Amino acid sequence: MKIGFEIHVQLKTESKLFCNCPTNYWEAEPNENICPVCTGLPGAKPNPVNREAIKKALLVALALGMDVEDRVVFLRKHYFYPDLPSGYQRTSTPLGRNGRLGNVRIRELHVEEDPGRYELREGLVDFNRSGVPLIEIVTEPDMKSIEEAEEFLKNLHLLLTYLDVILNPSIVFRVDANISLEGGERVEVKNINSIEGVRKALKYEILRQRRLLETGKKVERETRHWDEARGVTISLRVKETEEDYRYMPDPDIPPVLLSKELVEEVKRALPELPWERERRFVEEYGIDPSDAHTLVLDKELGEFFEELSGKVDPRFAAVFLADRLRGELNYRGLTFRDVLHLREPLERVAVAWYSGEITKNAAVELMRGVLDRTVVDVNAEIEKKKVVTDVEEVVEEVVRELASVVEDYRSGKREALNRLIGEVMKRTGGRADPKKVREIILTKI
Ligand SMILES: [Zn+2]
């Protein structure tokens with residue numbers, strides 16, 4: 001089995017690729033962010049390419065270890081669809097080639113403009129998305145199982161998150177997947193919108209092709225559409241070739257020169273990548289590699305770890321965050337980004353537990369309370385749950401005041417001891433360690 005991907009990611013820029021319209025299409029009213037350029041009106045003159053989009057695309061290419069071209073040209077890719085009034089989509093020649101992510105080779109990376117959105121049922125078109133910058137990442141067919149494919153997409157997502165290039169975090173990928181089984185032709189499945197969708201589409205398609213091959217039928221080279229709602233792939237067209245698009249250089253768009261200086265500038269802006277951070281966490285803080293891995297998977301959680309490590313032992317911080325907090329977040333279907341506003345109380349709980357102010361049970365209970373918003377004033381709660389350090393004083397008080405119970409114990413009534421322990425626990429609000437209380441009482445009587 002061979003699996004390869006073409007992955008489209010909208011780039012985080014303020015304005016569109018060839019005009020000044022804003023890119024936040026999902027927050028705007030339909031057809032609010034539009035102009036003659038991005039609606040493809042005849043004679044509209046596009047801007048030169050948005051430099052910010054080029055820089056972000058370069059950042060991704062460099063992070064994937066690609067060879068960068070020194071000149072990129074925009075081509076017109078012709079096809080007809082109601083969301084593309086110009087009749088062509090502008091797409092660049094490869095900006096980078098020959099990259100790698102894990103075991104998967106990346107063939108090339110392009111910059112493109114997104115088309116608009118066409119609602120098939122109502123026949124309505126919204127051009128807010130039209131002209132939003134995209135990158136297209138094309139892999140070699142190097143993945144040999146659904147698990148490998150999923151792992152690759154997760155790694156790519158993590159990388160793009162670290163590079164901070166994703167326009168809308170809730171719509172990360174649009175994926176076209178190529179699948180071929182031994183003895184069959186290559187089938188392309190278009191329009192998959194999530195990692196979960198990729199898994200389902202691959203599973204469906206592999207079964208479909210296997211069934212055909214097992215019954216002696218042919219798997220033809222074709223393009224299929226993933227129908228998310230029905231969970232099936234549907235044949236779109238058979239044998240589509242590059243020539244059908246009649247690619248030609250766009251005379252309106254000047255070529256983009258990627259100078260050595262520009263590449264160097266972007267290289268300097270490369271942030272620490274997830275795998276680099278993971279290695280550093282282990283070396284610099286001496287934490288467990290599996291904790292380091294977990295902390296790196298959630299970028300903001302990793303940043304919180306470094307902050308917390310300045311206040312408590314890093315190994316304690318790593319376990320507290322990677323194990324305890326992460327577990328509680330997973331249980332609630334959250335990432336640390338969702339609770340960034342709760343950093344302060346969470347830090348307070350961690351420090352209180354670390355310093356022995358509160359017990360482990362109290363810490364876990366408080367952490368849950370903070371996440372569920374049932375604890376508003378974390379300092380007041382810590383005060384209430386504080387471990388009583390001066391148990392001895394309370395014991396002396398009880399022994400003095402309950403002299404007759406002490407007498408009972410001395411005259412052989414064993415159960416009187418339990419009454420004394422119970423009284424101490426009551427007066428400390430249950431925040432003393434009963435075993436320790438017992439020991440102290442015995443030394444006093
Ligand atoms: Zn526009």
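Since we're looking at a predicted model, the values are computed, not measured.

1. Concerning the packing of aromatic side chains
Two aromatic rings are characterised by how far apart their centres lie and by the angle between their planes. A complete count under the given rule lists 14 aromatic pairs for this structure. A ring pair is formed by Phe5 and Phe152, whose centres lie 6.3 Å apart and whose planes are at 20°; its orientation type is stacked. Taken together, the residues Phe5 in strand β1 (residues 2-10) and Phe152 in helix α2 (residues 146-163) connect sequence positions 147 residues apart. Here Phe5 falls in the buried class, since its relative accessible area comes to 0%. For Phe152, a relative accessible area of 3% translates into the label buried.

2. A word on the coordination of the zinc ion
For the zinc ion, the full set of protein donor atoms is Cys19 (SG), Cys21 (SG), Cys35 (SG) and Cys38 (SG), and the range of their distances to it is 2.3 to 2.4 Å. Along the chain, the residues donating to the zinc ion are arranged with the sequence spacing C-x1-C-x13-C-x2-C. Of this pair, Cys21 sits in the loop between β1 and α1 (51-63) while Cys38 sits in the loop between β1 and α1, and the two are 17 residues apart along the sequence. Pair check on accessibility: Cys21 and Cys38 agree, each one buried.

3. With respect to the domain arrangement of the protein
When the parts of a complex come together, some accessible area is lost, and that lost area is often taken as the interface size. For the protein, the domain assignment lists domain 1 (2-172 + 241-267), domain 2 (274-385) and domain 3 (391-444). Measuring from the centre of the C-alpha atoms in domain 2 to the corresponding centre in domain 3 gives 37 Å.

4. Focus: the side chain of Glu205
Relative to the helices and strands, Glu205 resides in helix α3 (residues 195-214). By relative accessible area, which is 0% here, Glu205 ends up buried. Engagement of the side chain of Glu205 in a polar contact is seen with the side chain of Thr233, the distance being 2.7 Å. Ignoring any residue separated from it by four or fewer positions in sequence, one finds Glu205 in contact with Ile179, Val187, Val189, Arg224 and Thr233.

5. Regarding the pairing of strand β4 (residues 74-78)
Of all 5 residues in β4, 4 are buried, a share of seventy percent or more. Pairing geometry for β4 and strand β5 (residues 88-92), over 5 bridges, is antiparallel. Counted as the bridge partner of Phe74 is Ser92 from β5. Pairing of β4 with strand β15 (residues 248-249) involves 2 bridges; the strand directions are antiparallel. Note on β15: the bridge partner recorded for Arg76 is Met248.

6. Some points on the pattern of salt bridges
Side chains bearing opposite charge may pair, as long as their charged atoms lie close to each other. If you walk through the whole model with that rule in mind, you get 45 salt bridges. Salt-bridge contacts for Arg76 lead to Asp252; the nearest nitrogen and oxygen are separated by 3.4 Å. Taken together, the residues Arg76 in strand β4 and Asp252 in the loop between β15 and β16 (256-257) connect sequence positions 176 residues apart. Residue Asp252 is classed as partly exposed on the basis of its relative accessible area, which comes to 34%. With a shortest N-O distance of 3.0 Å, Arg427 and Glu401 are connected by a salt bridge. Of the two residues, Arg427 sits in helix α14 (residues 416-427) while Glu401 sits in helix α12 (residues 391-401), which places them 26 residues apart along the sequence. Note on Arg427: relative accessible area 32%, which makes it partly exposed.

7. Describing the side chain of Lys77
Within the element layout of this structure, Lys77 appears in strand β4. Of the buried charged residues, Lys77 lacks a salt bridge, with Glu112 as the closest side chain of opposite charge at 5.4 Å. Apart from residues no more than four positions distant in its own chain, Lys77 is found in contact with Gly87, Tyr88, Gln89, Thr91, Tyr245 and Tyr247.

8. Describing the environment of Gly99
Position of Gly99 among the secondary structure elements: in strand β6 (residues 96-101). As for Gly99 and Leu64, which are separated by 35 residues in sequence, their C-alpha atoms are 5.2 Å apart. Non-local contacts of Gly99, meaning those with residues more than four positions away in its chain, are made with Leu64, Gly65, Met66, Val104, Arg105 and Ile106.

9. A look at the nonpolar core
In terms of nonpolar packing, the biggest core is built from 64 residues, with Phe5, Ile7, Phe152, Phe173 and Leu202 touching the most fellow members. Counting residues per element, this core draws most heavily on α1, at 9 residues. With residues near it in sequence (within four places) discarded, Phe5 still touches Ile137, Val138, Thr139, Met143, Ala149, Phe152, Leu153, Val175, Asp176, Ala177, Val198 and Leu202. Within the second largest apolar cluster, 39 residues are counted, among which are Phe304, Phe305, Leu325 and Leu346.

10. As for the pairing of strand β11 (residues 174-180)
Look at any regular strand and the pattern is simple: side chains alternate between the two faces of the sheet. The element β11 is largely enclosed, with a buried count of 7 among its 7 residues. The side-chain alternation of β11 yields two buried faces, one formed by Arg174, Asp176, Asn178 and Ser180 and the other by Val175, Ala177 and Ile179. Across 7 bridges, β1 lies against β11 in antiparallel orientation. When the sheet's bridge partners are listed, Phe5 is paired in β11 with Ala177. Taken together, the 4 bridges between β11 and strand β12 (residues 187-192) define a ladder with antiparallel strand orientation. What sits directly across from Ala177, in β12, is Val189. In textbook terms, the turn of a hairpin is the stretch between consecutive antiparallel strands, and for β11 and β12 this stretch comprises 6 residues, one of which, Gly183, has a positive phi near 95°.

11. What to know about the environment of Trp353
Note on placement: Trp353 falls in helix α9 (residues 343-354). Each C-alpha atom, one on Trp353 and one on Ile382, is 9.6 Å from the other, the two residues being 29 residues apart in sequence.

Conventions used here
Residues numbered from 1 in each chain as written. Predicted model: local features only at pLDDT ≥ 70, side-chain atom pairs only at ≥ 80, totals over all residues. Heavy atoms only, no water. Phe/Tyr/Trp six-rings, centres within 6.5 Å; stacked < 30°, edge-to-face > 60°. Helix = DSSP H or I, 4+ residues; strand = E, 2+ residues; numbered from the N terminus. Buried < 20%, exposed > 50% of the residue type's maximum accessible area, 1.4 Å probe, protein only. Donors = N, O, S within 2.8 Å, 3.2 Å for Na, K, Ca; no water. Domains from an automatic or database assignment. Polar contact = N/O pair within 3.5 Å; in protein donor to acceptor, adjacent residues only side chain to side chain. Contact = heavy atoms within 4.5 Å. Pairing = 2+ DSSP bridges. Salt bridge = Lys/Arg side-chain N within 4 Å of Asp/Glu carboxyl O. Lys, Arg positive; Asp, Glu negative; His and termini not counted. Core = buried A, V, L, I, M, F, W, Y, C linked by side-chain atoms within 4.5 Å.

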